[in-house]
Amino acid sequence: MQIFYRNSVGLEFSDHFLNAVKLKKRGKKVKLIAKASVQLPYELDPQVESESVVEALKRLNQEIKFDVEDLLVVNLKADNVLFRKISLPRMNKAQIINAARFQINRELMIPVEEIVIDTYEIETKNSMVDYGVFIARNTYINSLVNTLKKAGFDEPDVIDVDYLKYLHLAEVEELTGYNFLVIESLSGLFVMLVINGKLSLIESSSISLDDVMNILIDNYGVTNDEALSILRNGSEIGAFGKQISEFLEFHYRETVYETEKLLRSIMGSNEIPQNVKIKIFLLSLNERLTNEFVKYAREIGLVDGSSISAFPFRKNVPVTGVPLGALGLAYRGVMEIGKGEFVSEEKAKVKV
């Protein structure tokens, strides 16, 4: 039994990659001790998809040296989770969940025995409380657990909602008031309204980095799988010269315009008081792409000149060369154990 420390493993499922990060917490110090990533074939044959995922998970298991004592946190992919916001009188957790089940059943006509619900408090308005509600089908969760067991992992200690994996890494003091977090991925664009650190609303768009992938494939003769790797690493993009830089500019100008539409959609739902100051934070697959996103967003502007910044990571978060989604999940495990802060790269060289 580990008395003085416990390791936390974050295991991230996405459409094209499976990522893992292991963190060690000792006292209040958190140190990155292992990371791994496996790229899945761009177009998986549905008949062998499950087998491919299990084999990829086995590789991750070996690379990070998963131990039964490790606290395991995995994500439920965004397309398997519904998010709703409901307003209820203040009540205890069990009553909130029961009320949410009834409302979701009435709204979506899903039998209550087929779903799992979790709720959290967003804010109080007069005598009512706004709650965020995450809904997932039991079949998705059971399938996820079975896949993990086939690959040699234990049943996860925490199954986290995909939307929250980056929020765990955010500097809480930066997210006071009204904030928009804009996340770009290979599967789409997500805009999250975060009020005082709590997720309040989500809007999404199908615009994604796929068009950048396609230009690499069509103009430079790389394969789908090679293009995926180039985008993930980020640093390799510059090797393709001026044309790819021009296309990145075109991509991000289009993405900024789409972001504006999503922001306006949320603001039009009367969720944000008039004349309130908002902050906008952007994040892409890596530092290189995030910097491009921020650059063009600032040139064009968003929501009447609102402040625009890169994602506000906690102090000393190792953002270079580390799968951030898996890191966020691993840090969620650290929070289960107790509060902890990342040590700097210099301090990380010292055994803790």
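We now turn to the structure provided with this report. The structure presented is a predicted model; accordingly, all values stated were derived computationally and were not measured. (Residues numbered from 1 in each chain as written. Predicted model: local features only at pLDDT ≥ 70, side-chain atom pairs only at ≥ 80, totals over all residues. Heavy atoms only, no water.)

### Quick notes on the packing of aromatic side chains
Line of reasoning, step 1. Throughout the structure, instances matching the rule amount to 8 aromatic pairs.
Line of reasoning, step 2. Plain terms: the ring middles of F83 and F134 are 5.2 Å apart, the flat faces sit at 50° to each other, and that makes the pair tilted. Separated by 51 residues along the polypeptide, F83 in strand β5 (residues 82-89) and F134 in strand β7 (residues 128-137) bring together distant segments of the chain.
Line of reasoning, step 3. F83 sits in the buried class, given a relative accessible area of 12%.
Line of reasoning, step 4. Among the aromatic residues, those joined into a ring-pair cluster are F83, Y120 and F134. (Phe/Tyr/Trp six-rings, centres within 6.5 Å; stacked < 30°, edge-to-face > 60°. Helix = DSSP H or I, 4+ residues; strand = E, 2+ residues; numbered from the N terminus. Buried < 20%, exposed > 50% of the residue type's maximum accessible area, 1.4 Å probe, protein only.)

### Let's talk about the pairing of strand β9 (residues 178-184)
Line of reasoning, step 1. Counting buried residues along β9, 7 of its 7 residues qualify, which places the element largely inside the surrounding structure.
Line of reasoning, step 2. With 7 bridges joining them, β9 and strand β10 (residues 189-195) adopt antiparallel strand pairing. The residue of β10 that forms the bridge with E184 is L189.
Line of reasoning, step 3. Pairing of β9 with strand β12 (residues 278-283), which is carried by 6 bridges, proceeds in the parallel orientation. Within β12, the residue paired with Y178 across the bridge is I278. (Pairing = 2+ DSSP bridges.)

### A short note on the packing of helix α1 (residues 49-64) against helix α3 (residues 138-150)
Line of reasoning, step 1. Contact geometry for α1 and α3: axes closest at 8 Å, N-to-C directions at 55°. The orientation of α1 with respect to α3, classified from their angle, is oblique. The interaxial crossing formed by α1 with α3 has right-handed handedness. Residues V53, V54, L57 and K58 of α1 touch α3, and the partners they reach there are T147, L148 and K150.
Line of reasoning, step 2. Looking at the contact of α1 with α3, its residues break down into 4 nonpolar, 1 polar and 2 charged. (Axes fitted to C-alpha atoms, helices over the stretch in contact; angles between N-to-C directions. Parallel < 35°, antiparallel > 145°, perpendicular 65-115°, else oblique. Left-handed = near helix turned anticlockwise from the far one by under 90°. Contact = heavy atoms within 4.5 Å. Nonpolar A, V, L, I, M, F, W, Y, C, P; charged D, E, K, R; others polar.)

### With respect to the sheet that holds strand β6 (residues 115-125)
Line of reasoning, step 1. Sheet architecture is open: 3 strands sit in the order β5-β7-β6, paired in antiparallel fashion. The sheet is open, and its two borders are formed by β5 and β6, each paired with just one other strand. Strand-to-strand twist in this sheet, taken as the mean axis angle between neighbours without regard to direction, amounts to 25°.
Line of reasoning, step 2. As paired elements, β5 and β7 share 8 bridges and run antiparallel to each other.

### Focus: the sheet that holds strand β13 (residues 307-310)
Line of reasoning, step 1. Strand order in this open sheet of 5 strands is β11-β10-β9-β12-β13, and the pairing throughout is mixed. Both outer strands of the open sheet, β11 (198-205) and β13, are each paired with one neighbouring strand and no more. In this sheet, neighbouring strand axes are inclined to one another by 20° on average, regardless of whether the strands run parallel or antiparallel.
Line of reasoning, step 2. In terms of strand pairing, β12 meets β13 through 4 bridges, oriented parallel. The residue bridging L282 from the neighbouring strand is A310, located in β13.

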